[in-house]
Amino acid sequence: MLSSIYRATTRLSSTKWLATTTRGMASDSATFDLTGSFETYNLDNAPNNTIEATRDDLMHKFKTMYTMRRMEITCDNEYKAKNIRGFCHLYDGQEAVAMGIQSALTQEDSWITSYRCHCTALLRGGTVSRVVGELFARANGYSKGKGGSMHFYNKEHNFYGGAGIVGAQVPVGTGLAFANKYHAAPGEPMNVAIACYGDGAANQGQIWESANMASLWKLPMIFCIENNQYGMGTSIDRHSSHSDYYQMGNHIPGIRIDGMNVLAVQEGMRFVRDFTSNGNGPMYVEMMTYRYHGHSMSDPGTTYRNREEIAFTRSTRDPLEFIKKTLVDAGFADAEELKSIEKQIRKEVQAEVLKAKEWPHPEKESMFKDIFTKDGTSDSQEFPPFIRMPDYEKSFYAPN
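On a predicted model such as this, the values are computed, not experimentally measured, just so you know.

Caption draft 1: Here's a closer look at the overall build of the chain. Per the secondary structure count, the chain includes 12 helices and 16 strands. Taking 21 Å as the expected radius of gyration for a compact globule of 400 residues, we find that the chain reaches 22 Å, a close match to that expectation. Projected onto its principal axes, the C-alpha coordinates of the chain cover approximately 70 × 50 × 45 Å. Burial status across the chain gives 53% buried among its 400 residues. A fraction of 70% describes how many contacts in the chain between residues 6 or more apart in sequence connect residues 24 or more apart. Of the roughly 18200 Å² of accessible surface on the chain, 51% is carried by carbon and sulfur atoms. Looking at charge distribution, the chain has the averaged site of its 43 positive side-chain charges lying 5 Å from that of its 47 negative ones.

Encoded structure:
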């Protein structure tokens, strides 16, 4: 029997295809119904109940989300083969959240997230080989092989992590929102900042303090709770006395979005970005989503929920099956074309993984780099005299 917690996610309905003006060409567009995809709190208006999308846009979403899915499944296999070590938190099942956010924000907007960050890193300037290469601890990886699964970063694309401590990304995200407001031209829309965190972190004190400052200073800050129904292995009704997370900001407005529907996420986040960018202060966002894997690779994910629940989600709410059905129902693709694309993406992901395996591990001397800087640039570094290892005799000493 399905848990009452998961049944709550079905309150937000699936998108229906309404109409398309023309079909069969790459420039075709269709209008999609989003009725039931949003619940609002302390707001006078809401996102639109329809969204228009082209074939090219939907196909791009499908290809990107399927690449995300295959990359994460590959990480699962490589971890079990002991080619990836340490902590590893996978994102499969939640792809529509990151893809929809990416579709609504601009590249100038700041994004920071939790340690479940592989797919966000891919969206913000990454490649499969660089993401997987980082997990393999290779020098060409996303963070030069020194960060691992939880520590991705790309300042050029305004992606600030990958935070390894639960909830720690939220104060940093609030600081990014402060910087965006500080640097904005008076009277002009501001770049926004978004901090994504899980339902398990939602009651932390540092988040309440950040929300207070963001509201007090009217920062362009988005507090985004990816509610995948479980904080590690504890369901939301057992770890939170208030499980309507989008209402947690007290007087701060909030919105709940169907996080399994990429079009709903895109339209909802367009609305949220417009609100926060124009000087109205922060907003709480709750994405109703679900993870297929356990909390991390050390968690089988079946001791606190049953396999029936996971299978039910895959068969009725899977974000990839939704986008595939959307393409087919709108007449933009058929099942055989999508199968062919999936086959090609599987080959591409595997080729990227093999490429990453050929890269070297970081040189020992690189351990001393990117630790201290004299003036904030990588060209002017200070080197610690040594890096102590658990076995003191095996400590590394700085090169002369």
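Caption draft 2: Seen up close, helix H11 (residues 319–329). Looking at H11, one finds that the buried residues are Pro319, Leu320, Phe322, Ile323, Lys324, Thr326 and Leu327. Its buried side turned inward, H11 meets strand E2 (29–33), helix H2 (55–80), helix H3 (95–104), helix H9 (262–277) and helix H12 (335–358). The N-capping residue of H11, defined by a side-chain oxygen 3.0 Å from the backbone nitrogen of leucine 320, is aspartate 318. Glycine 331 occupies a position one or two residues after H11 and carries a positive phi of about 80°.

Caption draft 3: Just the nonpolar core, in detail. Ranked by size, the top nonpolar core spans 73 residues in total, and within it Phe62, Ile101, Ile194, Ile257, Met269, Val285 and Met287 carry the most contacts. Once residues within four sequence positions are removed from consideration, isoleucine 101 is found in contact with Trp111, Ile194, Cys196, Cys224, Val265, Met269 and Met287. Counting 22 residues, the second-largest nonpolar core is a separate cluster that includes Ile112, Val170, Met221 and Tyr284.

Caption draft 4: Structural context of the packing of H2 against helix H5 (residues 128–135). Here H2 crosses H5 at 20°, and the two axes come no closer than 11 Å. One way to sum up the angle between H2 and H5 is to call them roughly parallel. When the axes of H2 and H5 are compared, the crossing they make is right-handed. Residues Thr67, Met71 and Cys75 of H2 form the contact with H5, whose participating residues are Val128, Val131, Val132 and Leu135. Tallied by class, the residues present in the contact of H2 with H5 amount to six nonpolar, one polar and no charged.

Caption draft 5: Fine view of the packing of aromatic side chains. Here the structure, examined in full by the defined rule, presents nine aromatic pairs. Between phenylalanine 386 and tyrosine 397, the aromatic rings sit 5.7 Å apart at their centres with planes inclined by 35°, giving tilted as the arrangement. Within this pair, whereas phenylalanine 386 is found in strand E15 (residues 386–387), its partner tyrosine 397 is found in strand E16 (residues 396–397), the two being separated by 11 residues in sequence. Ring-pair connections join several aromatic residues into one group, and the members of that group are Phe178, Tyr182 and Trp217. The side chain of arginine 314 reaches across the aromatic face of tyrosine 292, ending 4.0 Å from its centre.

Caption draft 6: Local environment of the sheet that holds strand E7 (residues 193–198). Taking strand neighbours across the sheet as the criterion, the seven strands line up as E3-E11-E12-E8-E7-E5-E6 in an open arrangement whose pairing is mixed. Strands with a single pairing partner mark the edges of an open sheet, and in this sheet they are strand E3 (38–41) and strand E6 (159–162). On average, each strand axis in the sheet is tilted by 15° relative to the strand beside it, whichever way the strands run. As judged from the four bridges shared by E3 and strand E11 (residues 254–258), these two strands associate in the antiparallel manner. Each residue of the ladder has a partner; that of phenylalanine 38, found in E11, is isoleucine 257. Its contacts with the sheet put helix H7 (residues 205–216) on E7, strand E8 (221–227) and strand E12 (283–288), and the angle it makes with E8 is roughly 150°.

Caption draft 7: Representation of the side chain of serine 296 within the structure. Its place among the elements puts serine 296 in the loop between E12 and helix H10 (307–316). A residue is classified by how much of its surface remains accessible, and serine 296, at 11% relative accessible area, is buried. Separated by 2.9 Å, the side chains of serine 296 and serine 298 make a polar contact. Residues in contact with serine 296, not counting those within four places in the same chain, are Cys88 and His89.

Caption draft 8: Region of the structure containing the pairing of strand E4 (residues 50–54). Of the two faces of E4, the one holding Ile51 and Ala53 is buried and the one holding Thr50, Glu52 and Thr54 is not buried anywhere. Pairing of E2 with E4, which is carried by five bridges, proceeds in the antiparallel orientation. In the sheet register, aspartate 33 faces E4, and the bridge partner there is threonine 50.

Caption draft 9: Representation of unusual backbone geometry in the model. Of the consecutive residues glycine 161 and glycine 162, the connecting peptide bond is found in the cis state with omega at 20°. Within the element layout of this structure, glycine 162 appears in strand E6. A positive phi angle, close to 60°, is found at asparagine 42, a residue other than glycine. As for its placement among the helices and strands, asparagine 42 is situated in the loop between E3 and E4. Although it is not a glycine, lysine 82 sits at a positive phi angle of roughly 65°. Structurally, lysine 82 is set in the loop between H2 and H3. The exposure class assigned to lysine 82 is exposed, which follows from its relative accessible area of 58%.

Caption draft 10: Inspection of the side chain of serine 29 at higher detail. Relative to the helices and strands, serine 29 is located in strand E2. Exposure remark for serine 29: the relative accessible area of 13% places this residue in the buried category.

About the cut-offs
All residue numbers here refer to positions counted from 1 along the written sequence of the relevant chain. Under the rules for a predicted model, residues below a pLDDT of 70 receive no local features and side-chain atom pairs below 80 are neither given nor counted, while totals for whole chains, interfaces and linings still include all residues. Only hydrogens and water are set aside when side-chain values are computed; all heavy atoms of the structure are taken into account. Every helix listed is a DSSP run of H or I at least four residues long, and every strand listed is a run of E at least two residues long, numbered separately from the N terminus. Using C-alpha atoms as the atom set, the radius of gyration is obtained and then compared with a globule rule of 2.2 Å times the number of residues to the power 0.38. A simple rule labels every residue: compare its accessible area, found with a 1.4 Å probe on the protein chains alone, to the largest value its type can have, and call it buried under 20%, exposed over 50%, or partly exposed in between. Throughout, a residue-residue contact means that at least one pair of heavy atoms, one from each residue, lies within 4.5 Å. Only the protein chains shown count as cover for residues, and all accessible areas are computed by the Shrake-Rupley method using a 1.4 Å probe. Counted as positive: Lys and Arg. Counted as negative: Asp and Glu. His and the chain ends are not counted at all. In this description, the location of a charge corresponds to atom NZ of lysine, CZ of arginine, CG of aspartate or CD of glutamate. Each polar contact in these results corresponds to two N or O atoms within 3.5 Å; when the atoms are within protein, one needs to be able to donate a hydrogen and the other to accept it, and residues that are neighboring in sequence are counted only if both atoms are side-chain atoms. Among the buried residues, those of types Ala, Val, Leu, Ile, Met, Phe, Trp, Tyr and Cys that are joined through side-chain atoms within 4.5 Å form a nonpolar core. In this analysis, axes come from line fits to C-alpha atoms, helices being fitted only over the stretch in contact, and the angle between any two N-to-C directions falls in the range 0 to 180 degrees. Angular relationships are summarised with four words: roughly parallel below 35 degrees, roughly antiparallel beyond 145, roughly perpendicular across 65 to 115, and oblique for the angles in between. Note on convention: the crossing is left-handed when the near helix lies turned anticlockwise from the far helix by less than a right angle, right-handed when the turn is clockwise. By the convention adopted, Pro, Cys, Tyr, Trp, Phe, Met, Ile, Leu, Val and Ala count as nonpolar, Lys, Arg, Asp and Glu as charged, and the other residues, Gly among them, as polar. Pairing of aromatic side chains requires ring centres within 6.5 Å, counting the rings of Phe and Tyr and the six-membered ring of Trp. Pairs whose planes differ by under 30 degrees are stacked, by over 60 edge-to-face, and all others tilted. Any Lys NZ or Arg CZ found within 6 Å of a ring centre and within 35 degrees of that ring's normal is scored as a charge over the ring. We treat two strands as partners when DSSP finds at least two bridges between them.

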